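Fold and geometry: a report
Residue strings, one per chain:
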Amino acid sequence: MAGTDHQPVSQDAPPEGQPREPPGDAQSSTRSCGTVEETPLPKLQLFILLYLQLAEPITSTVIYPFVNQLVRETGVTGGDERKTGYFAGLIESCFYLIEAICVLQWGRASDRIGRKPVLLGGLLGLTLSMIGFGLSRQYWAIVLSRCAEGALNGNIGVTKSMMAEITDHTNRARGFAFLPMTWAVGGTLGPIIGGVFARPADRWPPFRASPFWTTYPYFLPCIVVACISISAFVIASLGLKETLPTVSRYKKSVDAEPRLEDLEKLAHRPDGPSPNAIAEEPRSGLIGTSPPLADAKDEKAVIDAQGEPVEINQEERPVTLRSILVPRVLYPILNYGFVSLIDQAVTVLVPLMYSTSIELGGLGFDPFTIGVVQGVGGFVIGIVQIFTFPYMHRKFGSKRLYIGSYITYIVVFAMFPLNSFVTRRAGRVTAATWALVVAQYVTYVGSYMTWGCIFIYISDAAPTKNALGLTNGLAQTTASIVRAIAPSLASSLFSLTLERHLAAGTLVYWVLCGITLAGLVASRWLPATLRTEGINR
């Protein structure tokens, strides 16, 4: 951005001749000597949003340590453990599949009734569905509970809309840097909660006294997650502020039914129309473009409770799905789909490959070791995101940082067969094995910067602020569909590769490298700069 007289362009710029409202939360960013002063983040609102964001990764991953055993105990496999993967895969995938179906409607609802009511309703329902999952003993009941979790967790896209609304172009990168960190923390806590608290009667004597814990051995981790959700509900109820502009909701409530007293007040205004003109005007004429109402501007107008005309920007008009199906929105969402697919594949392959025996091409790690590796990795990812992403984003920009981070996924996949070869050749886990594990996770940390970049791209792509919820809803729908496919795709391809010894037992990794390259091609369509950076695309 060269030059000191280049002002950033806001997505909802006011009409000509009117002063621009300062962005941000009552604090504006100012330009001085060619530099932009960063607006401070609203810390309390940011904390609440991040706490709410924890719901998705925790609820989606808490079942991973015990889902296979749970499936066998329902008897649905008929005693054949080889069928476990099919039924467990359905439970894991249905969460994201149902979330994909519902998330767009949650985003649209948040554009109409507000962000806060949608988030609160989802959290309360998520709490009840987690309790239902813990009390389920039949396979069909488990699937229904998991579907309910996905449906009620579909409002997670609304948190990204709120994040965009509580930030401006000066601090948005720093705000969105916390979202991948939250996912990393939740993705780490979920398996830990599921692994530690499952079957408490087998571990802790106090739980053996009650038959409840032997009848429902997986209720404890579910109730722990439910407590996290209900605590988020209470915190959000008390401290979360609505970010959807009030005038947008008010306009929609008075759009269809103007009140008679408003018409009478308008008629008695010196500059208002005559009573006869009002009588002849159709009811929909309250939102019109006549000079007395719109003050000779190409703007819509409504009447407030005091009979005063309130100007409504064109951006406040109702948003349809068709209005956001444009390249500026679809290209970032396409890249979001690739990132979700590739990252979910990594999430599935890490415990699968690490736990496979060395003879079959794995590392032979036990669940505790895998949990420690994932826990430490998630912690490091969160710390790195907070302290490095804003600087990297300022230095390289959204597109260059996204592409550079995305390429590292290829290295992550390539390290799986390399580590398998080194470990199998030695016949045991050696220092070289651990060095490659550390190197793989260090590389994986770098890949996580793609999330912050793509979240910024999607929020920036919304045609208007009024379309922000729907845009994030469409993006979350796409990501949920992909995440529903990725676990079955990666795990099935892994098993097929080992069973038929395809490409010396490494085909799965090269196929995923090829998909990653396809996503790299799609990144070429991302805009070089953001609209909020004040540079034309």
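Residues numbered from 1 in each chain as written. Predicted model: local features only at pLDDT ≥ 70, side-chain atom pairs only at ≥ 80, totals over all residues. Heavy atoms only, no water.

1. Some details on the environment of Leu 50
Relative to the assigned elements, Leu 50 resides in helix H1 (residues 43-53). What makes Leu 50 buried here is its relative accessible area of 11%. Between the C-alpha atom of Leu 50 and that of Trp 183, which follows or precedes it by 133 residues, the distance is 9.3 Å. Discounting chain neighbours no more than four positions away, the residues touching Leu 50 are Met 163, Phe 178, Leu 179, Met 181 and Thr 182. (Helix = DSSP H or I, 4+ residues; strand = E, 2+ residues; numbered from the N terminus. Buried < 20%, exposed > 50% of the residue type's maximum accessible area, 1.4 Å probe, protein only. Contact = heavy atoms within 4.5 Å.)

2. Thoughts on the packing of aromatic side chains
Using the criterion set out here, one finds 22 aromatic pairs in the structure. A centroid spacing of 5.1 Å and a plane angle of 45° characterise the contact between Phe 212 and Tyr 216, whose relative ring orientation is tilted. Relative accessible area serves as the criterion here: at 29%, Phe 212 is assigned to the partly exposed category. On the basis of an interplanar angle of 20° and a centroid distance of 5.9 Å, the ring pair of Tyr 402 and Tyr 406 is categorised as stacked. You can see Tyr 402 and its partner Tyr 406 sitting in helix H18 (residues 367-426), four residues apart, about one turn around the helix. Lying over the aromatic face of Tyr 216, Arg 137 brings its terminal NZ or CZ to 5.9 Å of the ring centre. In this arrangement the basic side chain of Lys 395 is found over the ring face of Phe 396, its NZ or CZ atom lying 5.8 Å from the centre. (Phe/Tyr/Trp six-rings, centres within 6.5 Å; stacked < 30°, edge-to-face > 60°. Lys NZ or Arg CZ within 6 Å of the ring centre and 35° of its normal.)

3. Things to note about unusual backbone geometry
Phi angles above zero are rare outside glycine, and Arg 199 is one such case at about 50°. By secondary structure assignment, the location of Arg 199 is in the loop between helix H9 (178-197) and helix H10 (212-215). Despite not being glycine, Ala 503 shows a phi value in the positive range, around 50°. Checked against the element boundaries, Ala 503 lands in the loop between helix H21 (468-500) and helix H22 (507-522). Under the relative-accessibility criterion, Ala 503 is labelled partly exposed at 44%.

4. Topic: the state of the cysteines
This model, assessed by the stated rule, comprises zero disulfides. No disulfide involves Cys 102; its sulfur sits 9.5 Å from that of Cys 147, the nearest cysteine. The partly exposed category is assigned to Cys 102, whose relative accessible area is 23%. (Disulfide = S-S within 2.5 Å.)

5. A look at a nonpolar patch on the surface
Together, Val 372, Val 376, Phe 379, Val 380, Ile 383 and Phe 387 give the surface a local cluster of nonpolar side chains, amounting to about 570 Å² of exposed area. Considering the arrangement of structural elements, one finds Val 372 in helix H18. (Patch = residues over 30% accessible without salt bridge, like charges linked within 9 Å, V, L, I, M, F, W, Y side chains within 5 Å. Areas by Shrake-Rupley, 256 points an atom, 1.4 Å probe, with all protein chains shown as cover. Salt bridge = Lys/Arg side-chain N within 4 Å of Asp/Glu carboxyl O.)

6. Description of the packing of helix H17 (residues 327-355) against H22
Running from N to C, H17 and H22 cross one another at 160°; their axes reach a closest spacing of 9 Å. Accordingly, the angle class assigned to the pair H17 and H22 is roughly antiparallel. Taken as a pair, H17 and H22 cross one another with a handedness that is left-handed. For the pair H17 and H22, the contacting residues are Leu 334, Asn 335, Phe 338, Leu 341, Ile 342, Ala 345, Leu 349 and Met 353 in the first and Val 508, Tyr 509, Leu 512, Ile 515, Thr 516, Ala 518, Gly 519 and Ala 522 in the second. Across the contact of H17 with H22, the residue classes break down as 13 nonpolar, three polar and no charged. (Axes fitted to C-alpha atoms, helices over the stretch in contact; angles between N-to-C directions. Parallel < 35°, antiparallel > 145°, perpendicular 65-115°, else oblique. Left-handed = near helix turned anticlockwise from the far one by under 90°. Nonpolar A, V, L, I, M, F, W, Y, C, P; charged D, E, K, R; others polar.)

7. Section: helix H11 (residues 219-239)
Compared with the 30 Å implied by 1.5 Å per residue over 21 residues, the 30 Å span of H11 between its first and last C-alpha is a close match. Every buried residue of H11 is accounted for by Phe 219, Leu 220, Pro 221, Cys 222, Val 225, Ala 226, Ser 229, Ala 232, Ala 236 and Gly 239. Contact partners of the buried residues in H11: H1, helix H2 (55-61), helix H5 (115-134), H9 and H10. (Expected span 1.5 Å × (residues − 1).)

8. Some words on the side chain of Ser 523
Within the element layout of this structure, Ser 523 appears in the segment after H22. Once you skip the residues sitting within four places of it in the chain, Ser 523 turns out to touch Asn 335, Lys 399, Tyr 402 and Ile 403.

9. Notes on the environment of Thr 408
Structurally, Thr 408 can be placed in helix H18. For Thr 408 and Thr 516, which are 108 residues apart along the polypeptide, the C-alpha to C-alpha distance reads 9.7 Å. Within the local environment of Thr 408, its side chain forms a polar contact with the backbone oxygen of Ser 405, the two atoms lying 2.4 Å apart. (Polar contact = N/O pair within 3.5 Å; in protein donor to acceptor, adjacent residues only side chain to side chain.)

10. Some details on the pattern of salt bridges
Inspection of every chain in the model, using the stated rule, returns five salt bridges. Residue Glu 73 is joined to Arg 199 by a salt bridge in which the shortest nitrogen-to-oxygen separation is 2.7 Å. Of this pair, Glu 73 sits in helix H3 (residues 67-74) while Arg 199 sits in the loop between H9 and H10, and the two are 126 residues apart along the sequence. Classification of Glu 73 as partly exposed rests on a relative accessible area of 38%.

11. What about the packing of H5 against helix H6 (residues 139-152)?
One can describe the packing of H5 onto H6 by two numbers: an axis separation of 9 Å at closest approach and a directional angle of 165°. On the basis of their axis angle, the class for H5 and H6 is roughly antiparallel. The interaxial crossing formed by H5 with H6 has left-handed handedness. Two secondary-structure elements touch here, H5 through Gly 122, Gly 125, Leu 126, Ser 129, Met 130, Gly 132 and Phe 133 and H6 through Ile 142, Ser 145, Arg 146, Ala 148, Glu 149 and Leu 152.

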